[in-house]
Amino acid sequence: MNRIFSGIQPTAKMHIGNYLGAVRHWVRLQDSFDAIFCVVDLHALTQPQDPAELRQATRELAATLMAAGINPERSILFAQSSVAAHSELAWLFSCVAPLGWLNRMTQFKEKAGKKREQAMLGLYSYPVLMAADILAYLATHVPVGEDQKQHLELTREIAGSFNHRYGVEMFPLPEPQILGSATRVMSLRDGSAKMSKSDASDYSRINMTDDADTIAQKFRKAKTDPEPLPSEPDGLEGRPEAANLVTIFAALSDISTADVLTRFGGAQFSTFKSELADLAASSLAPIAGELRRLLDDPDYVDGVLRDGAARARGIADPVIARTQEIMGIHRV
Ligand code: TYM
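Before going into details, it helps to say that this report is about the structure given with it. On a predicted model such as this, the values are computed, not experimentally measured, just so you know.

With that settled, consider the pattern of salt bridges. For side chains bearing opposite charge, pairing can occur when the charged atoms are close. For the structure shown, the criterion picks out 17 salt bridges. Of the charged contacts, one joins Lys13 and Glu60 as a salt bridge, the two residues approaching to 3.0 Å between their closest N and O atoms. With Lys13 in the loop between strand S1 (3–8) and helix H1 (16–29) and Glu60 in helix H3 (residues 51–68), the pair connects residues that are 47 residues apart, well separated along the chain. Of the residues examined, Lys13 reaches a relative accessible area of 42% and is grouped as partly exposed. With a relative accessible area of 19%, Glu60 lands in the buried category. Residue Asp225 pairs with Arg239 through a salt bridge whose shortest N-O separation is 2.7 Å. Of the two residues, Asp225 sits in the loop between helix H9 (212–221) and helix H10 (240–253) while Arg239 sits in the loop between H9 and H10, which places them 14 residues apart along the sequence.

This is the structure:
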């Protein structure tokens, strides 16, 4: 049976990069897969968090996923911390994952920077918890943006090495699904940096809850170059900011970048940016409206998370029991 699992961190508001690179595909995939989506609050703890804000962000992100189209009757939606199996399996995997594999992880190097000695152990072992998230459900497919590719390779290595070491066929080697054209949406201020929740400037990203005026202002201020738009995709070569805006337009309107350029080739950025802002505002407004409605009913959102956690435990707990048995844990 094919099963998808994916996760998103409640570190700040969800942005259009998360939506176009991942969440929009989750919504589509829930029709054809057994689907499990997780707000990964334990992963958020790898960076300093205000406790009250983290709690609120977890509920709000769950509501945002529902507003974007995740249907909790069809899919399982829950918070990572509410299913103990994630932490348990992470420990078991940390006893089969060599340091050498973790030393290769570029995200740790980027996030720890020069302060490696002060970085927390959790930041270092982050990818092991991610492998546990996925494999606790024996998920076969993982829809993510491009930045998660290396972590998924590690997940496959951990699954393969566990199976090999114990001579079992316990864990599938999950396939990354990096879908669509907006697999790496870039910052609006710097075409060489990924759009990210942790960027200090809010002008670097479009948040799912930004209103039409804010969206228009952010696109107006977005970095571009002095040339008009090219009429063919080849003309975007060496123009990362232009390429990014065209990619966002194409993804939001579900057409190819070639089609965007057929329409806007030769246009000035001022014209294109204002059309892009209108498109983004009209795509995001219904989601923001539904989010407001859901946040007026926090008990409903918490109920969805509670129910999701119970269903998730029903799948993950037997996987933990079987893994412990294979590894020689004496279960009484
Ligand atoms: P996170 O919270 O950073 O991002 C959630 C999803 O959004 C994608 N994404 C992007 N896609 C395109 N352009 C961007 N600028 C952009 N920024 C983010 C991410 O690739 C991701 O799919 N480690 C994960 C969360 C996680 C997870 C998992 C994912 C924890 N356990 C198990 C899959 C399976 C993360 O920090 O995602």
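Don't stop here, the text continues.
Attention now moves to the side chain of Gln80. The topology assignment puts Gln80 in the loop between strand S3 (76–79) and helix H4 (85–94). At a separation of 3.4 Å, a polar atom in the side chain of Gln80 contacts the main-chain amide nitrogen of Asp41.

Moving on: the packing of H10 against helix H12 (residues 269–295). Where H10 meets H12, the closest approach of the two axes is 10 Å, and the angle between their N-to-C directions is 35°. Crossing geometry of H10 relative to H12 is assigned as left-handed. Contacts between H10 and H12 involve Ala242, Leu245, Val246, Ile248, Phe249, Leu252 and Ser253 from the first element and Phe269, Phe272, Lys273, Glu275, Leu276, Leu279, Ala280 and Ser283 from the second. When the residues that make up the contact of H10 with H12 are grouped by side-chain class, the tally is 11 nonpolar, 2 polar and 2 charged.

With that settled, consider the site of the ligand. The environment of the ligand is made up of 28 residues, and the closest members are Gln9, Tyr126, Asp133, Asp147 and Val185. Asn18 is positioned such that a nitrogen or oxygen atom in its side chain is 3.1 Å from an oxygen atom of the ligand. At 2.6 Å, a side-chain N or O of Tyr126 approaches a nitrogen atom of the ligand. Across the complex, the protein chains shield 97% of the 710 Å² of accessible surface that the ligand would expose by itself. Those elements that provide at least two residues to the shell around the ligand are S1, H1 and helix H7 (121–135). Of the residues that constitute the shell around the ligand, the class distribution is 12 nonpolar, 11 polar and 5 charged.

Running from amino to carboxyl end, H4 crosses H7 at an angle of 120°, the nearest separation of the two axes being 8 Å. In terms of their interaxial angle, H4 and H7 are classed as oblique. Between H4 and H7 lies a crossing whose hand is right-handed. The segment H4 lies against H7, with His86, Ser87, Leu89, Ala90, Phe93 and Ser94 engaging Val128, Leu129, Ala131, Ala132, Asp133 and Leu135. Partitioning the contact of H4 with H7 into residue classes produces 8 nonpolar, 3 polar and 1 charged.

Before going further, it helps to examine the pairing of S3. Burial along S3 is two-sided: the face carrying Ile76 and Phe78 and the face carrying Leu77 and Ala79 are both buried. Pairing of strand S2 (residues 34–39) with S3 involves 4 bridges; the strand directions are parallel. Paired with Ile36 across the two strands is Ile76, which belongs to S3.

Unlike most non-glycine residues, Leu138 shows phi in positive territory, near 50°. Within the element layout of this structure, Leu138 appears in the loop between H7 and strand S4 (141–143). The phi torsion at Asp254 lies on the positive side, around 60°, for a residue other than glycine. Mapped onto the elements, Asp254 comes out in the loop between H10 and helix H11 (257–264).

Criteria and thresholds
Residues numbered from 1 in each chain as written. Predicted model: local features only at pLDDT ≥ 70, side-chain atom pairs only at ≥ 80, totals over all residues. Heavy atoms only, no water. Salt bridge = Lys/Arg side-chain N within 4 Å of Asp/Glu carboxyl O. Helix = DSSP H or I, 4+ residues; strand = E, 2+ residues; numbered from the N terminus. Buried < 20%, exposed > 50% of the residue type's maximum accessible area, 1.4 Å probe, protein only. Polar contact = N/O pair within 3.5 Å; in protein donor to acceptor, adjacent residues only side chain to side chain. Axes fitted to C-alpha atoms, helices over the stretch in contact; angles between N-to-C directions. Left-handed = near helix turned anticlockwise from the far one by under 90°. Contact = heavy atoms within 4.5 Å. Nonpolar A, V, L, I, M, F, W, Y, C, P; charged D, E, K, R; others polar. Near = heavy atom within 4 Å. Areas by Shrake-Rupley, 256 points an atom, 1.4 Å probe, with all protein chains shown as cover. Parallel < 35°, antiparallel > 145°, perpendicular 65-115°, else oblique. Pairing = 2+ DSSP bridges.

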